[in-house]
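Listed here are the chains, written in short residue letters.
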Amino acid sequence: MIQKKICMVGMYGTGKTSLVQRYVHSIFSAKYHSTVGVKIDRKTVEVGNETVNLLLWDVEGRTDDQDIPASYLRGAHAMFFVADGTRRDTVDQLFDLRDHARDAAGDVPSIVALNKADLQDQWVVGAQETSKLISGGFHVLKTSAKSGEGVEDSFKWLAKATLGSPPSATDNQQVRNAR
Amino acid sequence: MLAEVQAPARVDIAGLSHPGKVRAANEDHFAIMTMRKSVELVATNLQDTTVLDRIRRPEAHILVVADGVGGASGGQLASGLAVRSVVEYLAEAIGCAQDFDVDHEQTFLEHLSRAVERGHERLREMFQVQGGPATTLTMVTLVWPRAYVVHVGDSRGYYLRHGRLRQFTRDQTMGDYLVDIGAVTSQHAEKAGLYNVLSSAVGGDLVPSVGVVDLAEGDALLLCTDGLTKHVPDEEIVRMLSSGPAKAAAESMIDAALAGGGTDNVTVVVAKAE
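The sections below set out a description of the structure shown in this document. Here the structure is a predicted model, which is why all the values come from computation and not from measurement.

### Details of the nonpolar core
Judged by nonpolar contacts, the single largest core of 114 residues is most densely connected at C7(A) and F80(A). Sequence-distant contacts of F80(A), that is, excluding residues within four places in its chain, are made with I6(A), C7(A), M8(A), V9(A), I111(A), A113(A) and L158(A). Among the nonpolar cores identified, the runner-up in size contains five residues, and Y177(B), V179(B), A189(B) and L194(B) belong to it.

### Quick notes on the sheet that holds strand β7 (residues 156–161) of chain B
Residues and elements named next belong to chain B. The strand order β1-β11-β10-β7-β8 describes an open sheet built from five strands, whose pairing is antiparallel. Bordering the open sheet on either side are β1 (11–18) and β8 (164–167), each of which pairs with just one other strand. Strand after strand, the sheet turns through a mean of 15° between neighbouring axes, direction not considered. Relative to strand β11 (residues 266–273), β1 runs antiparallel, the two being bridged by eight bridges. In the sheet register, A14 faces β11, and the bridge partner there is V270. Together, β1 and β11 form the strand contacts of helix α8 (residues 246–259), whose direction differs from that of β1 by roughly 25°.

### Things to note about the pairing of strand β6 (residues 146–152) of chain B
All names here are of chain B. Counting buried residues in β6 gives seven out of seven residues, a clear majority hidden from the surface. Side chains R146, Y148, V150 and V152 project from β6 onto one buried face, and the interleaved A147, V149 and H151 project onto a second face that is buried too. Relative to β6, strand β5 (residues 137–143) runs antiparallel, the two sharing seven bridges. Opposite M139, over in β6, you have V150 as the bridge partner. With antiparallel pairing between neighbouring strands as the criterion, β5 and β6 make up a hairpin whose turn holds two residues. Summarising the sheet, β6 and strand β9 (residues 209–214) pair through six bridges and their orientation is antiparallel.

### Concerning the packing of helix α7 (residues 234–242) of chain B against α8(B)
Residue and element names in this part refer to chain B. Where α7 meets α8, the axes come as close as 8 Å, and the angle between the chain directions of the two elements is 155°. Considered as vectors, α7 and α8 are oriented roughly antiparallel to each other. Crossing of α7 against α8: the hand is right-handed. Across the interface between the two elements, E236, I237, M240 and L241 of α7 pack against A249, S252, M253 and A256 of α8. Of the residues in the contact of α7 with α8, the class split is six nonpolar, one polar and one charged.

Each value, and the rule that gives it
- Residue numbering note: each chain is counted from 1, following its sequence as written.
- The order in which chains are written sets their letters, starting at A; the order in which ligands are written sets their numbers, starting at 1.
- Where totals are concerned, whole chains, interfaces and linings use all residues; where local detail is concerned, this predicted model gives features only for residues with pLDDT of at least 70, and gives and counts side-chain atom pairs only at 80 or more.
- Nonpolar cores are built from buried Ala, Val, Leu, Ile, Met, Phe, Trp, Tyr and Cys residues. These are joined into a set through C-beta atoms within 7 Å.
- Buried means a residue has 20 or more other C-beta atoms within 10 Å of its own C-beta, exposed means 12 or fewer, and partly exposed covers the counts in between; C-beta atoms are placed from the backbone.
- Residue pairs qualify as contacts under a 7 Å threshold applied to their C-beta atoms, which are placed from the backbone.
- The pairing criterion for strands is at least two bridges between them, as found by DSSP.
- By definition, any uninterrupted DSSP run of H or I lasting at least four residues is a helix, any uninterrupted run of E lasting at least two residues is a strand, and each is numbered from the N terminus.
- Structural elements are reduced to axes, namely lines fitted to C-alpha atoms, with helices fitted over the stretch in contact, and the angle between N-to-C directions of any two is expressed from 0 to 180 degrees.
- Working rule for angles: under 35 degrees goes down as roughly parallel, over 145 as roughly antiparallel, 65 to 115 as roughly perpendicular, anything else as oblique.
- Handedness of a crossing is defined here by the sense of rotation of the near helix relative to the far one, left-handed for an anticlockwise turn of less than a right angle and right-handed for a clockwise turn.
- All amino acids are sorted into three groups, where Ala, Val, Leu, Ile, Met, Phe, Trp, Tyr, Cys and Pro are nonpolar, Asp, Glu, Lys and Arg are charged, and the leftover types, Gly among them, are polar.

Here is the structure:
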């Protein structure tokens, strides 16, 4: 079976663990626990005619005084960047995080989840920021680990991308909807 | 994939277990083992000794703690059987540990998880009833600098770096689970004793948590059963882990747990990279 290592990367508290929990176990925890090191979950998905075993490396988030160890990112087949749509700083750091990830793992497929889409009243990411991300080469999706919005789609999109499959028109439409 | 294998000067490891002051039996077990396939160049007149770097093989240090539940004899049997099964499985099956190919890291992790499942199956075969004896099990396989973690239940794993103690395992209890999903408050869980009920256990409902932590020279690693953490605060643990050899740190922690009440069995395994 094909195995693909996907690293969840972002600032602390953006919801990386919650997205994995929602995707793998269909649960949501409102209580925040910071991840120490890496927590590894697996999910088997069908992509076209292929069965792919996704190894989801939920990597501890970047903090003001601690960067993400590059050793965790080495050998990754894809990066799943997560920003919190209610915290502008987590979006601002995405380009730097991508550089950091590229240094460690090379130029692998990636996606950006603008997470916590259920918190619309606190949302601070406007069309301009989203366009900047898209024009910077990111595929962007709005997600909510709480409601499940965009979660399945984002992992599915990335799984396809790791196989080199061109995302379908429907997949790209979902990405555009993040604007 | 695995970071480049680098050997620390030495990994100093010690483990201790004590029944405590109240319990008649010790339901905790631990094991420490080192796996190595070394090629030792005894003497040479070669000018270029870089050959040493090529033939040197990394060591794997395997550290396990387990805390049995299910009545004194049942709990003791469960944790002992689980640890023994893990040790047996790894000794037989983990030939791959002798050559840590970075491309095979996932296979290596699967072997570690499989070792825990073996313990689970043995317990299930032995008792064949729901609610039979079960055990926590926290295992770290240290292939410097990476620590591979397989964790079940509410024993704990920590590492200490620059005076900061970080817990890399999450307690798998009904209290933690129900509070996490918002079904009950922590006060309710505490009052109802839900933190004393395991949501995942070897021999029970097995949901192993798998992860990795990369260590650095000077770090200390601690695996322990809850007989330590219910009596010894984090700041005391930091102080004891911070100085001296692993054995002295382990002794200090057992002493502190007993001084704090010793109401439960207590087990600690300490590893320090020097």
